[in-house]
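The lines below spell out each chain.
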Amino acid sequence: MDETNKLIEQRRQKLEALRQQGIDPYRNNFSPDTSCAQVRDNYEEGREVRAAGRIAAQRIMGKSMFVHFTDQTGKAQFYASRNDLGDEAFATLKHVDLGDFIGVTGKLFTTKTGEKTIHITDYVLLSKALRPPPEKFHGLVDTEIRYRQRYLDLMANQDVKDVFLKRTRIISEIRKYLESQGYVEVETPMMQAIPGGAAAQPFVTHHNALGCDFYMRIALELYLKRLLVGGIDRVFEIGRNFRNEGLSRRHNPEFTMLEAYQAYGDYKSMMALVQGMVCHVAETVLGTLFIEHRDDDGNVIRTIDLTPDWRTVRYKDLIREKAGENWFDLTPEERRAGAVKLGAEIHDTDEDFEVTNAIFEKFIEPNLIQPTFVTHLPKELVPLAKISPDDPSTVEVFECCINGQEIAPAYSEQNDPIQQRETLEHQAGGEQQKLDEDFIVALEHGMPPAGGMGMGIDRLCMMLLGQESIRDVILFPQMKPLQNPQKKEAPEDAGK
RNA sequence: GGGUUGGUAGCUCAGCGGUAGAGCAGUUGGCUUUUAACCAAUUGGUCCAGGGUUCGAAUCCCUGCCAACCCA
């Protein structure tokens, strides 16, 4: 960010020189008719094209030159010679910089080495870059700059741009799939007086005119259920949730969530929805149901097979597999001791179901690489779901785990207002949360039986795109702000 | 919150007590089918910040800042 850098100074001087020549380096008088991808894919020898992009690399050879430029679709090459452009225009072109935007017109041809190229007859400088781009061969590696100045990352690293363009297509295909199933998309409040629908620490903000605090939402659930009450029978929202908790490879304070609710459905209909949707997305965006994850050297480290039908297994069976057949016949004290012996992290305040769940989270979930519906979770874990008739200690839910992460939980939604109040009051006592009375009132007006599901879009993208960090699927991940050097510390704060 | 690793030119990285280096990019010259173009010359630094040890610190020690990874 050095403002006195010599490279920047040189570019400013070039900018001035262009203006002296009567060239405005920021004027828009160019409409391309051909993208970089079309230079390759829509090739026809001698076809006249107009193309534009950012200069990525140039090879100057005396009286001619080759230049690679990029647009959203990728990279293309143009060829310029002094004979075609004239002395002055060619000399000016030799002095454009990497990073500048240029528009060119010319005819398509193929070089000796077989690259489809534009032989230009004219060009116009569209925007002068005053700072040098990252290095062309190694790209940009520094993670801090990649995240803080993502535009440089996108500019320098084609694979990064591909990931984000695919993320966009994934979300687009999710919408298409849900709409094809009759779901309608809505928007519900991000600022809520009582943050509900999950157990998580919220961010607090303040509304001046109303004179009260609001919370940034931690889930979409309670408002979408109000819409079921209102008669919108198939409803979904894709939007940001905010949780004031730790940052990690898998957690960003703001993250994107999909929630969908289907009146007259249940957790089983949600299974079909999740499986159908993920398969549709994988097939349309990636063209395959086999997802290969690679390490930095390009070796395949795991392959995820999304071919239906996915494995379905009960929570208790997975626990027994890991912790012993008699696990649920033990006393709570024996379970606690057993969990500690296995190496799970148990806190003194953990209740019995939390002790068991610690085993699930530490030893089972991380190993569920292939898509798995884990069903019949203990009712204490899920306060918004219906009790399973065949095992009243559990609820009618699943957690869909893929790639060692929970990607999508889904329930047969609790619609009994009296039972719902009891569970929420019990939870509110433990977690010191406020009870959303208006939500209960809505349930008292009658909510149809429904299946509901949530899906962590960032984690889904990690799984589908083979990214090991959530920061590599979020364009601008949360970073600690850099100290602004212009903001001087007050003297009395100097000790802090 | 704890641990590990890292921060050196615009970018990618060496150097790890004894005069701050390379490649790319930049500048100048040469070159009309190159593609990490090539050839020759050349510019460029608060070695993250602040203390300490030392005759001497980018290098060793301490503190702080930022980041990545692991753990909680």
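Note: the structure precedes this text.
Residues numbered from 1 in each chain as written. Chains lettered and ligands numbered in written order. Predicted model: local features only at pLDDT ≥ 70, side-chain atom pairs only at ≥ 80, totals over all residues. Heavy atoms only, no water.

A. Examining helix 7 (residues 158-180) more closely. Between its first and last C-alpha, helix 7 extends 32 Å over 23 residues, near the 33 Å set by a 1.5 Å rise per residue. Considered for burial, the residues of helix 7 that qualify are Val160, Lys161, Val163, Phe164, Arg167, Ile170, Ile171, Glu173, Ile174, Tyr177 and Leu178. The first or second residue beyond helix 7 is glycine 182, which carries a positive phi of 90°. (Helix = DSSP H or I, 4+ residues; strand = E, 2+ residues; numbered from the N terminus. Expected span 1.5 Å × (residues − 1). Buried < 20%, exposed > 50% of the residue type's maximum accessible area, 1.4 Å probe, protein only.)

B. A look at the packing of aromatic side chains. In this structure the tally under the stated criterion is six aromatic pairs. Their ring planes at 65° and their centres at 5.9 Å tell us that tyrosine 79 and phenylalanine 109 sit as a pair that is edge-to-face. One end of the pair, tyrosine 79, is in strand 3 (residues 74-81); the other, phenylalanine 109, is in strand 4 (residues 101-110), with 30 residues separating them in the sequence. Classification of tyrosine 79 by relative accessible area gives buried; the value is 19%. A ring pair is formed by tyrosine 315 and phenylalanine 360, whose centres lie 5.1 Å apart and whose planes are at 40°; its orientation type is tilted. With tyrosine 315 in helix 10 (residues 315-323) and phenylalanine 360 in helix 12 (residues 352-364), this pair connects stretches of sequence that are 45 residues apart. According to the relative accessible area criterion, phenylalanine 360 is buried, its value standing at 2%. A network of ring pairs unites the aromatic residues Phe66, Tyr79 and Phe109 as a single cluster. Directly above the ring of phenylalanine 30 sits arginine 50, whose terminal nitrogen or CZ lies 4.4 Å from the centroid. The aromatic ring of phenylalanine 363 is capped on one face by lysine 322, whose charged end is 4.9 Å from the ring centroid. (Phe/Tyr/Trp six-rings, centres within 6.5 Å; stacked < 30°, edge-to-face > 60°. Lys NZ or Arg CZ within 6 Å of the ring centre and 35° of its normal.)

C. Summary view of the protein's contact with RNA strand B. The local shell around RNA strand B holds 45 residues, among which Lys6, Thr113, Lys136, Glu144 and Glu345 are the closest. By atom count, sugar and phosphate contribute 65% of the portion of RNA strand B lying within 4 Å of the protein. Measuring from a phosphate oxygen of RNA strand B, one finds a side-chain N or O atom of lysine 14 at 2.5 Å. In this structure, a sugar or linking oxygen belonging to RNA strand B sits 2.9 Å away from a side-chain N or O atom of arginine 148. Only helix 1 (6-20), strand 1 (48-61), strand 2 (64-71), strand 3 and helix 5 (143-148) provide two or more residues apiece to the surface near RNA strand B. For the surface near RNA strand B, the leading source of residues is helix 5, giving five residues. (Near = heavy atom within 4 Å. Polar contact = N/O pair within 3.5 Å; in protein donor to acceptor, adjacent residues only side chain to side chain.)

D. Expanded view of the sheet that holds strand 9 (residues 212-216). Read across the sheet, three strands follow the order 7-9-8 without closing on themselves; strand pairing throughout is antiparallel. Both outer strands of the open sheet, strand 7 (191-192) and strand 8 (204-207), are each paired with one neighbouring strand and no more. For strand 8 and strand 9, the ladder comprises four bridges, and the chain directions are antiparallel. Among the inter-strand pairings, histidine 206 is bridged to a residue of strand 9, identified as aspartate 213. (Pairing = 2+ DSSP bridges.)

E. Geometry of the environment of glutamine 158. When you line up the elements, glutamine 158 lands in helix 7. The partly exposed category is assigned to glutamine 158, whose relative accessible area is 35%. For the pair glutamine 158 and glycine 139, spaced 19 residues apart in sequence, the C-alpha to C-alpha distance is 9.0 Å.

F. Highlighting the pairing of strand 4. By the criterion of burial, strand 4 is predominantly enclosed, with seven of the ten residues buried. Note that strand 1 and strand 4 share seven bridges and pair antiparallel. The residue bridging arginine 54 from the neighbouring strand is phenylalanine 101, located in strand 4. Once strand 4 ends, the chain turns through five residues before running back antiparallel as strand 5 (residues 116-127), passing glycine 114 with a positive phi of about 95°.

G. Up close: helix 14 (residues 437-444). When helix 14 is considered as a whole, its buried residues turn out to be Phe439, Ile440, Ala442 and Leu443. Along helix 14, the residues classed as buried sweep out an arc of 155° about the axis, all on the same side. Downstream of helix 14 by one or two residues, glycine 446 has phi in the positive range, about 105°. (Arc of directions from axis to C-beta.)

H. Local environment of the sheet that holds strand 18 (residues 397-402). Pairing in this open sheet of eight strands is mixed, and the strands run 6-10-11-20-19-18-15-14 from one edge to the other. Both outer strands of the open sheet, strand 6 (184-185) and strand 14 (311-314), are each paired with one neighbouring strand and no more. Across nine bridges, strand 10 (residues 234-242) lies against strand 11 (residues 254-263) in antiparallel orientation. Among the inter-strand pairings, valine 235 is bridged to a residue of strand 11, identified as tyrosine 261.

I. Here's a closer look at the side chain of threonine 356. Within the secondary structure layout, threonine 356 lies in helix 12. Here threonine 356 falls in the buried class, since its relative accessible area comes to 5%. Those residues in contact with threonine 356 that lie beyond four places of it in its chain are Tyr315, Ile319, Trp327, Phe328 and Arg335. (Contact = heavy atoms within 4.5 Å.)

J. Region of the structure containing the nonpolar core. Among the nonpolar cores identified, the biggest contains 46 residues, and Ile174, Leu258, Val274, Leu306, Met453, Met455 and Met463 are the most heavily contacted of them. The set of elements that each furnish at least two residues to this core consists of helix 7, strand 10, strand 11, helix 9 (267-286), strand 18, strand 19 (405-412), strand 20 (450-456) and helix 15 (457-465). In terms of residue count, helix 9 provides more of this core than any other element does, eleven residues in total. Ignoring anything within four residues of it in the chain, the contact list for leucine 258 reads Ile174, Leu178, Phe236, Glu237, Ile238, Met277, Met453, Gly454, Met455 and Ile457. Leu220, Phe255, Val395 and Met447 belong to the second-largest nonpolar core, a separate cluster that totals 41 residues. (Core = buried A, V, L, I, M, F, W, Y, C linked by side-chain atoms within 4.5 Å.)

K. Geometry of a positive patch on the surface. On the surface, Arg40, Arg59, Lys75 and Lys136 cluster together into a positively charged patch. Looking at the secondary structure, you find arginine 59 in strand 1. (Patch = residues over 30% accessible without salt bridge, like charges linked within 9 Å, V, L, I, M, F, W, Y side chains within 5 Å. Areas by Shrake-Rupley, 256 points an atom, 1.4 Å probe, with all protein chains shown as cover. Salt bridge = Lys/Arg side-chain N within 4 Å of Asp/Glu carboxyl O. Lys, Arg positive; Asp, Glu negative; His and termini not counted. Charge placed at Lys NZ, Arg CZ, Asp CG, Glu CD.)

L. Region of interest: the environment of threonine 284. Its location among the elements puts threonine 284 in helix 9. As for threonine 284 and isoleucine 170, which are separated by 114 residues in sequence, their C-alpha atoms are 8.6 Å apart. When residues no more than four places from it in sequence are discounted, the contact partners of threonine 284 are Arg169 and Glu173. For threonine 284, the side chain forms a polar contact with the main-chain oxygen of histidine 280, separated by 2.8 Å. Here the side chain of threonine 284 touches valine 281 through a polar contact of 3.3 Å, landing on its backbone oxygen.

Scope: geometric values only; no functional claims are made or implied.
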